[in-house]
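# A closer look at the structure
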Number of protein chains: 2
Amino acid sequence: MESRQPEEREKEKAEGGFLLPIRRLEMSDRSKGFIDLLGQLSPCSPLSDADFLARFAELASLGDDHVILVIEDPQSGRIVATGTVFVEKKFLRGCGKVGHIEDVVVDAAARGLHLGQRIVGRLVDHAKASGCYKVILDCTAELRAFYEKCGFEEKNVQMARYF
Amino acid sequence: MESRQPEEREKEKAEGGFLLPIRRLEMSDRSKGFIDLLGQLSPCSPLSDADFLARFAELASLGDDHVILVIEDPQSGRIVATGTVFVEKKFLRGCGKVGHIEDVVVDAAARGLHLGQRIVGRLVDHAKASGCYKVILDCTAELRAFYEKCGFEEKNVQMARYF
């Protein structure tokens, strides 16, 4: 997860030798705007400390089967990008595994720095390293071109039922 | 999970008072054609007993967060329908949960008995009972109408990257 990819080194060069590091979510990211950032993707009601910590512990217990990556802006001390991948274990395809990418969001003020593409690249790398035979995600039609740049192709239709 | 829904009782009446029961996957279903049935959906290489049992135990340890339902035909002793739902835990939506439906397949020789619709109905019920705010799935465009009958609506685009 931590090794730099050739394309990352290329981007770093293009951006003047400085790339914000990607790391796993930490408990202290609650006070760095992590939940506010998710709120740019989907409604996020305020969470108590206890609720945040309980969910953090629950997800951390899944180890490498559930990984939340973040990018922190060292100047502002705020989380400016995040994305999640979890590994689903199946019986089909010889007990195959599938990576599911979820909740990718880049702060509106930090667009244009390829942060989304870098986060997605790392999530894909993690799915591959975990032995998944594919990695999938659902997105709006507007984001199709972005994910094509990340090496994805349109495959199916996502159906939803809300409660 | 086990209580009959009103629409199930309706179907039972329409089918002459007999509905094949839906139950959770059991270890012994390996010898009842469960993997062969999945092979009608996606390639399934043969599994050793050890591989099957290891994956079964791994998934069973997730409890109600990962449920595989099956329908067995008592006459043939074969599994004729299956479907899976797992519960994803998020931070957004106030530590919300999302149900993911996967690997729904009905034996080609058992179509037309509403087994798929019944399995999906139960998977949806489970997601709802687990506190999910929505349940989602990916399918081919041809299956859109089937899932609309199950109460789903088209929402997004599924993108995939194969390794």
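Calculation rules
Residues numbered from 1 in each chain as written. Chains lettered and ligands numbered in written order. Predicted model: local features only at pLDDT ≥ 70, side-chain atom pairs only at ≥ 80, totals over all residues. Heavy atoms only, no water. Helix = DSSP H or I, 4+ residues; strand = E, 2+ residues; numbered from the N terminus. Polar contact = N/O pair within 3.5 Å; in protein donor to acceptor, adjacent residues only side chain to side chain. Contact = heavy atoms within 4.5 Å. Pairing = 2+ DSSP bridges. Axes fitted to C-alpha atoms, helices over the stretch in contact; angles between N-to-C directions. Phe/Tyr/Trp six-rings, centres within 6.5 Å; stacked < 30°, edge-to-face > 60°. Buried < 20%, exposed > 50% of the residue type's maximum accessible area, 1.4 Å probe, protein only. Salt bridge = Lys/Arg side-chain N within 4 Å of Asp/Glu carboxyl O. Expected span 1.5 Å × (residues − 1). Least-squares fit on C-alpha atoms with pLDDT ≥ 70 in both.

### Here we look at the side chain of Ser42 of chain B
Checked against the element boundaries, Ser42 of chain B lands in the loop between α2 (34–38) and α3 (49–60). Among the polar contacts made by the side chain of Ser42 of chain B, one reaches the side chain of Arg93 of chain A at a distance of 3.1 Å. Setting aside anything within four residues of it in sequence, one finds Ser42 of chain B in contact with Leu92 and Arg93 of chain A.

### Notes on the environment of Leu113 of chain A
With respect to the helices and strands, Leu113 of chain A occurs in the loop between β4 (97–106) and α5 (115–129). Residues Leu113 of chain A and Leu20 of chain A, 93 residues apart in the sequence, show an inter-C-alpha distance of 9.8 Å.

### Regarding the sheet that holds strand β6 (residues 153–162) of chain A
Strand order in this open sheet of 12 strands is β1(A)-β2(A)-β3(A)-β4(A)-β5(A)-β6(B)-β6(A)-β5(B)-β4(B)-β3(B)-β2(B)-β1(B), and the pairing throughout is mixed. Bordering the open sheet on either side are β1 (22–24) of chain A together with β1 (22–24) of chain B, each of which pairs with just one other strand. The sheet shows a mean angle of 30° between the axes of neighbouring strands, taken without regard to direction. Relative to strand β5 (residues 134–139) of chain B, strand β4 (residues 97–106) of chain B runs parallel, the two sharing 3 bridges. In the sheet register, Val98 of chain B faces β5 of chain B, and the bridge partner there is Lys134 of chain B. Along the sheet, α5 of chain A contacts β1, β2 (66–73), β3 (78–89), β4 and β5 (134–139) of chain A together with β6 (153–162) of chain B; its crossing angle with β3 of chain A, the most-contacted strand, is approximately 25°. Across the sheet, helix α5 (residues 115–129) of chain B touches β6 of chain A together with β1, β2 (66–73), β3 (78–89), β4 and β5 of chain B, and the angle it forms with β3 of chain B is around 25°.

### Topic: the packing of aromatic side chains
Counted according to the given criterion, the structure contains 11 aromatic pairs over all chains. Here the aromatic rings of Phe91 of chain A and Phe34 of chain B are separated by 5.5 Å at their centres, their planes lie at 85°, and the arrangement is edge-to-face. Pair noted here: Phe91 of chain A is in the loop between β3 and α4 (92–95) and Phe34 of chain B is in helix α2, and the two residues belong to different chains. The exposure class of Phe34 of chain B is buried, given its relative accessible area of 1%. The interplanar angle of 75° and the centroid separation of 4.8 Å between the aromatic rings of Phe146 of chain A and Tyr147 of chain A together place this pair among those described as edge-to-face. When its relative accessible area of 22% is taken as the criterion, Phe146 of chain A is described as partly exposed. Put simply, the rings of Phe34, Phe52 and Phe56 of chain A together with Phe91 of chain B touch in pairs and so form one group of aromatic residues.

### So, the pattern of salt bridges
Summed over the entire model, instances satisfying the criterion amount to 28 salt bridges over all chains. Of the charged contacts in the structure, one is a salt bridge between Lys89 of chain B and Glu58 of chain A, with a shortest N-O distance of 3.0 Å. Taken as a pair, Lys89 of chain B in strand β3 and Glu58 of chain A in helix α3 (residues 49–60) lie in two separate chains rather than in one. In this structure, the salt-bridge partner of Glu58 of chain B is Arg55 of chain B, at a minimum N-O distance of 3.1 Å.

### Side note on α5 of chain A
Three or four residues apart is the spacing at which side chains of an α-helix point the same way, because the helix has 3.6 residues per turn. All names here are of chain A. Taking 1.5 Å of rise per residue, the 15 residues of α5 would be expected to cover 21 Å, and the 21 Å separating its terminal C-alpha atoms lies within 8% of that figure. For α5, the set of buried residues is Leu115, Gly116, Arg118, Ile119, Val120, Arg122, Leu123, Val124, His126 and Ala127. After α5 finishes, the residue Gly131 shows a positive phi value of roughly 90°.

### Notes on the relation of the copies chain B and chain A
The operation relating the two chain copies consists of a rotation about an axis and a shift along that axis. Placing chain B over chain A gives an RMSD of 0.0 Å and needs a rotation angle of 180°, together with 0.0 Å of translation along the axis. The symmetry that links the two subunits is that of a two-fold axis. Here 100% of the contact residues of chain B are again contact residues in chain A; the copies associate through an equivalent surface.

The quantities given are spatial measurements derived from coordinates; they are silent on function.
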